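So the chains spell out like this:
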Amino acid sequence: MKVREVLALNVRKLRQAKGLSQEELAHRAKIDRTYVSSIERCRYSAGVDVVDRLARVLGVEASDLLTRPTPDRKKGRSSTPA
């Protein structure tokens, strides 16, 4: 997974977990909504300052947005009893 894909995945996942629209995230981070959309679709890469602003709004460290997800150990297993 490329860094741009990691950033896109993490921004989208955290944004949705916070219940934020792309527009609200962009407003709080003081960037254009289309830029957030482009980051989430891997169209643009973000500079360090933008990553920092997104991280602050999302309540994480900038490095968290660039951390590759770990494989789900329970992948393929049902988490609910049959």
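Fair warning: this is a prediction, and the values are worked out from it, not measured in the lab. (Residues numbered from 1 in each chain as written. Predicted model: local features only at pLDDT ≥ 70, side-chain atom pairs only at ≥ 80, totals over all residues. Heavy atoms only, no water.)

Visitor: Describe in detail the packing of helix α1 (residues 3-17) against helix α4 (residues 48-58), supporting the description with residues and values.
Guide: Following both chains from N to C, one finds α1 and α4 inclined at 25°, their axes separated by 10 Å at the closest point. Taken together, α1 and α4 sit at an angle that is classed as roughly parallel. In this structure, α1 crosses over α4, and the sense of that crossing is left-handed. On α4, the residues touching L7, V11, L14 and R15 of α1 are V51, L54 and L58. (Axes fitted to C-alpha atoms, helices over the stretch in contact; angles between N-to-C directions. Helix = DSSP H or I, 4+ residues; strand = E, 2+ residues; numbered from the N terminus. Parallel < 35°, antiparallel > 145°, perpendicular 65-115°, else oblique. Left-handed = near helix turned anticlockwise from the far one by under 90°. Contact = heavy atoms within 4.5 Å.)

Visitor: Summarise the nonpolar core; cite the residues concerned and give the values.
Guide: Formed by 17 residues in total, the largest nonpolar core has its most connected members in L7, L25, I31, L54 and L65. Counting only elements with at least two residues in this core, the list comes to α1, α2 (22-29), α3 (33-40) and α4. For this core, the element with the most residues is α4, which contributes 6 residues. Leave out the neighbours within four places in its chain, and L25 touches V11, R15, L20, V36, L54, V57 and L58. (Core = buried A, V, L, I, M, F, W, Y, C linked by side-chain atoms within 4.5 Å. Buried < 20%, exposed > 50% of the residue type's maximum accessible area, 1.4 Å probe, protein only.)

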